[in-house]
Amino acid sequence: MPAIPPEVGTRAGQWDQQNVDLTSAGSLVADAPTTGFTQTVRAAATPFLTAWHAHVQGLATDAEGFADGLRVSITNWWESDLAAQNALTHDPDVVTLYAAMDERR
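First, a word on what this report is: a plain description of the structure on this page. Here the residue numbering is sequential within each chain, running from 1 through the sequence in written order. Confidence filtering applies because this is a predicted model: local features only for residues at pLDDT of at least 70, side-chain atom pairs given and counted only at 80 or more, and all residues used for totals across whole chains, interfaces and linings. Based on all heavy atoms of the structure, the side-chain values leave hydrogens and waters out of the count.

**Brief notes about the overall build of the protein**
Okay, step 1: Only DSSP runs of H or I reaching four residues or more are called helices, and only runs of E reaching two or more are called strands; each is numbered from the N terminus. When you go through the protein residue by residue, the secondary structure sums to three helices and zero strands.
Okay, step 2: Ordering the α and β elements of the protein from the N terminus gives α-α-α.
Okay, step 3: Burial status follows relative accessibility: with a 1.4 Å probe on protein chains alone, a residue under 20% of its type maximum counts as buried, one over 50% as exposed, and anything between as partly exposed. Across the 105 residues that make up the protein, the buried fraction comes to 13%.
Okay, step 4: Residue contacts are defined here by distance: any two heavy atoms, one from each residue, within 4.5 Å place the two residues in contact. Sequence separation of 24 or more characterises 71% of the internal contacts of the protein that already satisfy a separation of 6 or more.
Okay, step 5: Looking at the protein as shown, the accessible area adds up to about 7,800 Å², and 64% of this sits on carbon and sulfur atoms. Computed with the Shrake-Rupley method and a 1.4 Å probe, the accessible areas treat only the protein chains shown as cover for residues.

**Focus: the packing of helix α1 (residues 5-30) against helix α2 (residues 39-90)**
Okay, step 1: Each axis is a line fitted through C-alpha atoms, and for a helix only the stretch in contact is used; angles between axes span 0 to 180 degrees, taken between their N-to-C directions. Where α1 contacts α2, the two axes come as close as 8 Å, and the packing angle between them is 165°. As the angle between them shows, α1 and α2 are arranged roughly antiparallel. Along this stretch, α1 crosses α2, giving a crossing that reads as left-handed.
Okay, step 2: Throughout this entry, Asp, Glu, Lys and Arg are counted as charged residues, while Ala, Val, Leu, Ile, Met, Phe, Trp, Tyr, Cys and Pro are counted as nonpolar. The remaining residues, Gly among them, count as polar. Grouping the amino acids of the contact of α1 with α2 by side-chain chemistry returns 20 nonpolar, eight polar and four charged. Relative orientations are named as follows: roughly parallel for angles under 35 degrees, roughly antiparallel for angles over 145 degrees, roughly perpendicular for angles from 65 to 115 degrees, and oblique for any other angle. In this scheme the handedness of a crossing depends on how the near helix is turned from the far one: anticlockwise by less than a right angle means left-handed, clockwise means right-handed.

**Points about the environment of L59**
Okay, step 1: Examined against the element boundaries, L59 turns out to sit in helix α2.
Okay, step 2: Judged by its relative accessible area of 36%, L59 falls in the partly exposed class.
Okay, step 3: Sequence separation between L59 and T23 is 36 residues; the distance between their C-alpha atoms is 8.6 Å.

**As for the side chain of N19**
Okay, step 1: Considering the arrangement of structural elements, one finds N19 in helix α1.
Okay, step 2: Assessed through its relative accessible area of 17%, N19 is described here as buried.
Okay, step 3: Residue contacts for N19: discarding those within four places in its chain leaves A60, T61, A63 and E64.

This is how it looks when you write it as structure tokens:
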């Protein structure tokens, strides 16, 4: 798969938005009232909401990790590309080769 820096940045931003959305959803789940339920249902609803909150928060954390991973990957790609470019433009043999390949009219 080719690395297209703007596309990778866009995807990282989309994963960031997933994190924000999931964090918000997790808060809504955690704050959901159980007061309208009978005592028996409330006893089951509370651990259910707690478990779902933890699950959604885990998904939010994963989404942020994906975004961070994409940013690290594209940063490493840029740095290695720049290092290769610098190595090529400062290598006397490569500079001589480029000079010999220069089009002259």
